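# Tertiary structure, described
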Amino acid sequence: MRTILAAVDQSHHAHDVMSRAAELAVVLRNDLVVLSVISSDPMKQFNIVEEQNRFASLHRELIFKHFPENSLAVEPHSGTGGVYKYGTAGVRIQSRILSGNVVDKICECADEVNADIVLVGSRGLGNIGSLVLGSVSERVVHKCTRSVLVVKGQRLEGPDWTGLSNPQKTGTVKI
Ligand SMILES: Nc1ncnc2c1ncn2[C@@H]1O[C@H](COP(=O)(O)OP(=O)(O)OP(=O)(O)O)[C@@H](O)[C@H]1O
Ligand SMILES: [Mg+2]
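Residues numbered from 1 in each chain as written. Chains lettered and ligands numbered in written order. Predicted model: local features only at pLDDT ≥ 70, side-chain atom pairs only at ≥ 80, totals over all residues. Heavy atoms only, no water.

### Observations regarding the pairing of strand β6 (residues 117-121)
The element β6 is largely enclosed, with a buried count of four among its five residues. Here β6 pairs with strand β7 (residues 147-151) via five bridges, running parallel. Within β7, the residue paired with V118 across the bridge is V148. (Buried < 20%, exposed > 50% of the residue type's maximum accessible area, 1.4 Å probe, protein only. Helix = DSSP H or I, 4+ residues; strand = E, 2+ residues; numbered from the N terminus. Pairing = 2+ DSSP bridges.)

### What to know about the site of ligand 1
Looking at ligand 1, there are 20 residues lining it, with A7, G124, G126, S135 and V136 nearest. Within the backbone of G124, an N or O atom sits 2.8 Å from an oxygen atom of ligand 1. About the coverage of ligand 1: the protein hides 88% of its 620 Å² of free accessible area. The set of elements that each furnish at least two residues to the shell around ligand 1 consists of β2 (31-39), α3 (102-112), β6 and α4 (135-143). Here the residues of the shell around ligand 1 are counted per class, giving nine nonpolar, nine polar and two charged. (Near = heavy atom within 4 Å. Polar contact = N/O pair within 3.5 Å; in protein donor to acceptor, adjacent residues only side chain to side chain. Areas by Shrake-Rupley, 256 points an atom, 1.4 Å probe, with all protein chains shown as cover. Nonpolar A, V, L, I, M, F, W, Y, C, P; charged D, E, K, R; others polar.)

### A short note on the nonpolar core
Counting residues in each nonpolar core, the largest one holds 26 residues, and the members touching the most others are M18, L32, I63, F67, L72 and I93. Broken down by element, this core gets its largest block of residues, six residues, from helix α1 (residues 13-28). Setting aside anything within four residues of it in sequence, one finds I93 in contact with L32, V34, I63, F67, L72, G82, V83, Y84 and Y86. Core analysis: the next-biggest nonpolar cluster, separate from the first, contains 16 residues, A7, L35, V103 and A115 among them. (Core = buried A, V, L, I, M, F, W, Y, C linked by side-chain atoms within 4.5 Å. Contact = heavy atoms within 4.5 Å.)

### Digging into the pattern of salt bridges
In total, this model carries seven salt bridges according to the counting rule given. Residue R2 is joined to D116 by a salt bridge in which the shortest nitrogen-to-oxygen separation is 3.2 Å. On the criterion of sequence distance, the pair formed by R2 in the segment before β1 (3-7) and D116 in the loop between α3 and β6 is long-range, its members being 114 residues apart. By relative accessible area, which is 36% here, D116 ends up partly exposed. Of the charged contacts, one joins R96 and E112 as a salt bridge, the two residues approaching to 3.1 Å between their closest N and O atoms. In this pair, R96 is assigned in strand β5 (residues 91-100) and E112 in helix α3, connecting sequence segments 16 residues apart. The exposure class assigned to E112 is exposed, which follows from its relative accessible area of 57%. (Salt bridge = Lys/Arg side-chain N within 4 Å of Asp/Glu carboxyl O.)

### Notes on the environment of T88
If you trace the backbone, T88 turns up in the loop between β4 (82-86) and β5. Look at T88 and you get exposed, because its relative accessible area is 89%.

### Digging into the confidence of the model for the protein chain
Averaged over every residue, the pLDDT of the protein chain is 86; the share at 70 or more is 85%. Under a pLDDT of 50 for its full length, residues 165-175 has, in the predicted model, 21 contacts with residues more than four places off or in other chains. (pLDDT = per-residue confidence, 0-100.)

### Overview of the side chain of R96
A relative accessible area of 16% means that R96 is categorised as buried. In this structure the side chain of R96 is engaged in a polar contact, spanning 3.1 Å, whose partner is the side chain of E112.

### Things to note about the environment of E75
With respect to the helices, strands and loops of the structure, E75 is situated in strand β3 (residues 72-75). Given the relative accessible area of 28%, E75 is considered partly exposed. In sequence terms E75 and I93 are 18 residues apart; their C-alpha atoms lie 9.7 Å from each other. In this structure, E75 is in contact with V83, Y84 and K85, ignoring residues within four places of it in sequence.

Following this line, the structure appears as structure tokens:
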């Protein structure tokens, strides 16, 4: 079984990445690892437990949104994240939350799970104006030893966009 790695942050681009990853996983009958990295950048101070919980619920939301609920089985697992089985083909979906340098962790995880392809969004939570690629996606393309697919999606961001973690905004996402 081949494996697809989908890296998601807490922006609406996560839905674009997950939508494409789910489509590929089902059509190709590949396993899927959904990965988020809590940045160890000292400029970004996070409460690690809060951030883990936030990513865990984001992953659940993404998995239940992009794989029909009645065909998903939750598997027993230990630690953070979760494991699901989808449909009769038995596509295995694993949620992983790591902490450290975001680019390094995405590349290390790709090697560890022997990912056939890595999916990243073209942009993320930063979204400063005119840049075509965010710094994480650009560095993953350079550094990763695996094939990388940069997913371009709709531009939903605006002055009041606060990310997927705000439940009032989540309902406005169009796929
Ligand atoms: N913390 C993270 N964990 C997992 N994947 C991430 C993380 N941050 C970014 N990514 C991946 O990289 C993609 C592009 O995000 P990136 O951070 O490069 O852009 P940006 O936030 O718009 O710009 P920048 O962070 O450089 O200001 C995201 O859609 C996601 O796929
Ligand atoms: Mg970013």
